[in-house]
Amino acid sequence: MTMGPSQLAILALIATPLLILARDAFNRRREPRQLLLALALLSVIAASIALTIGLNP
Amino acid sequence: MSPTYVLALFGSGIAAGIVAALLGVGGGILMVPLMTMVFGVPVHTALGASLVAAMATSDAACIWPAKRRLMDISQAWTLGLTTTIGAAIGAMVALASKPEVIQAIFAVLLLYTAFQLARPQRQAAEVPDGKGAAGASRARHALMLLVGLFAGASSGLLGIGGGIIIVPALHLILRKPFKEATATSNLLVGITALTGAFAYWWRGALLLVPTVPIAAGAFVGALLGSAIDKRLSSQVLRWGMALLLTFTALQMGSAIVGAHLGR
């Protein structure tokens, strides 16, 4: 797909929860279980996005 | 696209954001009917924009210190594992469905929410508080993950944050105090809406207008709503919302029936 500036702006808005997730994970970097949970969540988000792209090429 | 139209969308976002913060929901339950019925936005565009606005509401809650302290971040992350998958599936189903089908499901959801708001609220004291996640059994956690999957699917399908399902479930299944359940749900809404919103964006359903004005308005509204004393969320507000949602559901229903008969 072709992306104009407006589409990129919306994509930036969509990505904001990832920033909050990254910040929370950074704050809990000394807790291995929490870091693992954050990584698992990130993996599930990435897999869901890949599934979306895969099913709607 | 006139400036008045954009300003009206922004104003509507503020109103929806305030109500969302007061009631502890994402605001999609108000924004989708508002955009489709008042502003004439196509259903799929409204669903995507509403998800982005729900994320903005979540972001506002996350930067509000009082709410931030109440959030159970680990619980939100754990539930996010299933709500994310549900949201991706729900969004794909919605994009493949006819707008009338989504509107009909939404009308039913509005009536259900109106009923939930109108009926007498269970006090937090009725459910033992303070036990937290440690007191909840594995079965309760497993059930909660299933509820999360359903809430995620509803989010992607109907463009809602999922708070109307998550908040009562956290309160009743995991026995979280109501305020903690609301705050945790606020964090979870952002994570859940992400994959659903991406699906709409990827299919080109998300447009700069209405997405940005309604999301910016929802962000400002949620900040204002968080600043207002929680005591304002009285029975009167709940009844007012219940009446508004019932009226909207009936309007939506009559529009679907009218369109069907007009063919």
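Looking now at the overall build of chain B. The helix and strand tally for chain B stands at 12 helices and zero strands. Listing each helix as α and each strand as β along chain B from the N terminus yields α-α-α-α-α-α-α-α-α-α-α-α. By the burial criterion, 56% of the 263 residues in chain B qualify as buried.

Attention now moves to the nonpolar core. When a protein is soluble and globular, its nonpolar side chains tend to lie buried together. Of all hydrophobic cores here, the largest spans 96 residues; its most connected members are V52(B), A53(B), A197(B), Y200(B), A215(B) and A218(B). Filtering out sequence-adjacent residues up to four positions away, Y200(B) remains in contact with H44(B), L47(B), G48(B), L51(B), A91(B), A205(B) and L206(B).

This paragraph deals with the interface of chain B and chain A. Across the contact, 31 residues belong to chain B and 26 residues belong to chain A. When residues of the side of chain B that touches chain A are traced back to their parent elements, those giving at least two are α3 (43-62), α5 (73-95), α10 (178-202) and α11 (208-227) of chain B. Among the residues making up the side of chain B that touches chain A, the classes are represented as 20 nonpolar, nine polar and two charged.

As a further point, take the packing of α5(B) against α10(B). Residues and elements named next belong to chain B. Running from N to C, α5 and α10 point in directions that differ by 30°, and their axes come no closer than 8 Å. Classified by the interaxial angle, the pair formed by α5 and α10 is roughly parallel. As for the relative orientation of α5 and α10, their crossing is right-handed in sense. For the contact of α5 with α10, the per-class residue count stands at 14 nonpolar, nine polar and no charged.

Here we come to the environment of A227(B). Turning to its location among the elements, A227(B) is positioned in helix α11. Residues A227(B) and I18(B), 209 residues apart in the sequence, show an inter-C-alpha distance of 9.5 Å.

Reading the values: rules and limits
- Residues numbered from 1 in each chain as written.
- Chains lettered and ligands numbered in written order.
- Predicted model: local features only at pLDDT ≥ 70, side-chain atom pairs only at ≥ 80, totals over all residues.
- Helix = DSSP H or I, 4+ residues; strand = E, 2+ residues; numbered from the N terminus.
- Buried ≥ 20, exposed ≤ 12 C-beta atoms within 10 Å, placed from the backbone.
- Core = buried A, V, L, I, M, F, W, Y, C linked by C-beta atoms within 7 Å.
- Contact = placed C-beta atoms within 7 Å.
- Nonpolar A, V, L, I, M, F, W, Y, C, P; charged D, E, K, R; others polar.
- Axes fitted to C-alpha atoms, helices over the stretch in contact; angles between N-to-C directions.
- Parallel < 35°, antiparallel > 145°, perpendicular 65-115°, else oblique.
- Left-handed = near helix turned anticlockwise from the far one by under 90°.

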